[in-house]
Amino acid sequence: MDSLRHLISPDDLSTAETDGILDLADKIAAAPEDCAAVCAGLKIATLFYEPSTRTRLSFEAAMMELGGGVLGFSSADSSSAAKGETVADTIRTVQSFADIIAIRHPKEGAASVAASVASVPVINAGDGGHLHPTQTLTDLFTIRSLRKNHSLDGFTIGLCGDLMFGRTVHSLVRALTARQNVRFVLISPRELRLPAYLLDDLAAKRLPFEETEKLDAVMPRLDVLYMTRVQRERFFNEEDYVRLRDSYILDEKKMRLAAPDMMVLHPLPRVNEISAEVDKDPRAAYFKQVMYGKLVRKALIMALLHKGGAAL
Ligand code: NCD
């Protein structure tokens, strides 16, 4: 019998399994027609209790391009959560209708609860300020695709903005600690530093990292700059958000400080942190990143459903 796997944290995949999914995404990009029907007759349920554009639509587009169908909801208000149903009961229900589930929820740990009761694969599409492993696959695939040597080892990444609440940052840091010789430059206001458990993990693994509040000073040393939005919805009060939201604004002037082959990533949506004038800079990779997100989700769905020769 095929084993049931979930993707709740990047740690659920070994480095070899992650690379296998990225390799499959490369194959899908080269010949999408080869997998156009591998999920025929199967359905994905997207259960989104929090807003989303890219993540939900890319899961749905991915499943459609694999020949499968989609169902789900895009806000808690339109589901029985509004009547007080628990995540566990919703999963027990939805698995009668769908073969794989992607869930986004404002509470840390919700996806893990979902997986604990599920008889079909569950994918964490973001749980509160905790993790977002499919964005991480997207980020890794983008870095690997755009680096000249196509390697995920041996580079310096600057993570900038809301490192405290940004789940994409937490996920990416976790995944990159499994690689060789990655150097972390953590750029944030003091109030929005990376959580202590992740800093402790970097220190325990003796990985090179530094924390700074100054983006300009570190720009020339970065191979990848990962910009993030200040996560308004996770703040306890609006005044703090307003004070911190424009801590960093990447513009043409700052881009002049960067290496000619530095890449700028952002999980999107952006608010103010990357000025629109940067979009035309060839180093701006955030819209390519969106397109890569669909490819890795196709690969992940195939792997979790053991389709088209893929397996986990
Ligand atoms: C991110 C998220 O939801 O965590 N968006 C995404 O999925 N691409 C980032 C964000 O909302 O800031």
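These numbers come from a predicted model, not from an experiment.

Student: Can you help me understand the overall build of the chain in this one?
Tutor: In terms of helices and strands, the chain carries eleven helices and nine strands. Over its C-alpha trace the chain gives a radius of gyration of 19 Å, about what one expects of a compact globule, namely 20 Å for 312 residues. The principal-axis extents of the C-alpha atoms in the chain amount to approximately 55 × 45 × 40 Å. Counting the 312 residues in the chain, one finds 46% classified as buried. Across the chain, the fraction of contacts at a sequence separation of at least 24, relative to all contacts at a separation of at least 6, is 75%.

Student: I keep staring at the site of the ligand and nothing clicks. Help me out?
Tutor: Contacts to the ligand come from Arg-54, Thr-55, Gly-126, His-132, Gln-135, Arg-167, Thr-168, Arg-229, Pro-267 and Leu-268. Looking at the shell around the ligand, the elements with two or more residues in it are α2 (54–65) and α6 (167–176). Its residues assigned to classes, the shell around the ligand comprises two nonpolar, five polar and three charged. Viewed by domain, the shell around the ligand spans two of them, domain 1 (10–131 + 291–304) and domain 2 (134–287), each represented by three or more residues.

Student: So what exactly am I meant to see when it comes to the packing of α2 against helix α11 (residues 286–305) here?
Tutor: The angle between the axes and the distance between the axes are what describe a pair of packed helices. Between α2 and α11, the shortest axis-to-axis distance is 8 Å and the interhelical angle comes to 55°. Looking at the two axes, α2 sits oblique to α11. α2 and α11 meet at a crossing whose hand is right-handed. Contacts between α2 and α11 involve Arg-54, Ser-58, Phe-59, Ala-61, Ala-62, Met-63 and Glu-65 from the first element and Val-290, Gly-293, Lys-294, Arg-297, Lys-298 and Ile-301 from the second.

Student: Whenever I open this one, unusual backbone geometry confuses me. Can you help?
Tutor: Negative phi is the rule for most residues except glycine; trans is the rule for most peptide bonds. Leu-268 connects to Pro-269 through a cis peptide bond whose omega is 5°. With respect to the helices, strands and loops of the structure, Pro-269 is situated in the loop between β9 (263–265) and α11. Phi at Arg-206 takes a positive value of approximately 55°, unusual for a residue other than glycine. Looking at the secondary structure, you find Arg-206 in the loop between α7 (196–204) and β7 (209–212). One non-glycine residue, Leu-268, lies in positive phi territory at about 65°. Residue classification places Leu-268 among the partly exposed residues on the basis of 19 C-beta atoms within 10 Å.

Student: Where do I start with the domain arrangement of the chain in this structure?
Tutor: Note: interface size is frequently given as the accessible area lost on complex formation between the parts. Domains assigned within the chain are domain 1 (10–131 + 291–304) and domain 2 (134–287). Listed as interface residues are 22 residues of domain 1 and, on the opposing side, 20 residues of domain 2. Considering each element in turn, the side of domain 1 that touches domain 2 owes the most residues, six residues, to α11. Among the residues forming the side of domain 1 that touches domain 2, the class breakdown is eleven nonpolar, eight polar and three charged.

Student: I tried to follow the nonpolar core on my own but got confused; where do I start?
Tutor: Soluble, globular proteins show a tendency: their nonpolar side chains are buried together. Within the largest apolar cluster, 92 residues are counted, with the highest numbers of intra-cluster contacts made by Ile-101, Ala-114, Val-296, Ala-299, Leu-300, Ile-301 and Met-302. No other element matches α11, which puts ten residues into this core. Built from parts of two domains, this core gets at least three residues from each of domain 1 (10–131 + 291–304) and domain 2 (134–287). With sequence-adjacent residues up to four places away left out, Leu-300 is seen in contact with Leu-7, Ile-21, Ile-123, Thr-134 and Leu-137.

Student: For this particular structure, what's the right way to read the pairing of strand β8 (residues 224–227)?
Tutor: Strand residues, when the strand is regular, have side chains that alternate between the two faces of the sheet. Alternating residues of β8 divide into Val-224 and Tyr-226 and Leu-225 and Met-227, and every residue in both groups is buried. Alignment of strand β5 (residues 155–160) against β8, held across four bridges, turns out to be parallel. By the bridge assignment, Gly-158 is partnered in β8 with Leu-225. The sheet contact formed by β8 and β9 spans three bridges and is parallel. The residue of β9 that forms the bridge with Val-224 is Met-263.

Student: Explain α2 here, please?
Tutor: Side chains of residues three or four places apart in an α-helix project in the same direction, reflecting 3.6 residues per turn. Between its first and last C-alpha, α2 extends 16 Å over twelve residues, near the 16 Å set by a 1.5 Å rise per residue. Burial in α2 covers these residues: Thr-55, Arg-56, Ser-58, Phe-59, Glu-60, Ala-62, Met-63 and Glu-65. Gly-67 occupies a position one or two residues after α2 and carries a positive phi of about 90°.

Student: Help me understand the packing of helix α5 (residues 133–146) against α11, please; the structure alone is not making it clear to me.
Tutor: Put simply, α5 and α11 touch, their axes get as near as 8 Å, and they point 115° apart. For the pair α5 and α11, the crossing hand works out as right-handed. Seen from α5, the contacting residues are Thr-134, Leu-137, Thr-138, Phe-141, Thr-142 and Ser-145; seen from α11, they are Lys-288, Gln-289, Tyr-292, Gly-293, Leu-295, Val-296, Arg-297 and Leu-300.

Student: Would you explain the sheet that holds strand β6 (residues 182–187) in this entry?
Tutor: Two orientations exist for strands paired in a sheet by backbone hydrogen bonds: parallel and antiparallel. Across the sheet, which stays open at both edges, the five strands sit in the order β7-β6-β5-β8-β9 with parallel pairing between neighbours. The open sheet terminates on both sides in strands that have one partner only, identified here as β7 and β9. When strand polarity is set aside, the average angle formed by the axes of neighbouring strands in this sheet is 20°.

Parameters and conventions
- Residues numbered from 1 in each chain as written.
- Predicted model: local features only at pLDDT ≥ 70, side-chain atom pairs only at ≥ 80, totals over all residues.
- Helix = DSSP H or I, 4+ residues; strand = E, 2+ residues; numbered from the N terminus.
- Rg over C-alpha atoms; globule rule 2.2 N^0.38 Å.
- Buried ≥ 20, exposed ≤ 12 C-beta atoms within 10 Å, placed from the backbone.
- Contact = placed C-beta atoms within 7 Å.
- Near = placed C-beta within 6 Å.
- Nonpolar A, V, L, I, M, F, W, Y, C, P; charged D, E, K, R; others polar.
- Domains from an automatic or database assignment.
- Axes fitted to C-alpha atoms, helices over the stretch in contact; angles between N-to-C directions.
- Parallel < 35°, antiparallel > 145°, perpendicular 65-115°, else oblique.
- Left-handed = near helix turned anticlockwise from the far one by under 90°.
- Core = buried A, V, L, I, M, F, W, Y, C linked by C-beta atoms within 7 Å.
- Pairing = 2+ DSSP bridges.
- Expected span 1.5 Å × (residues − 1).

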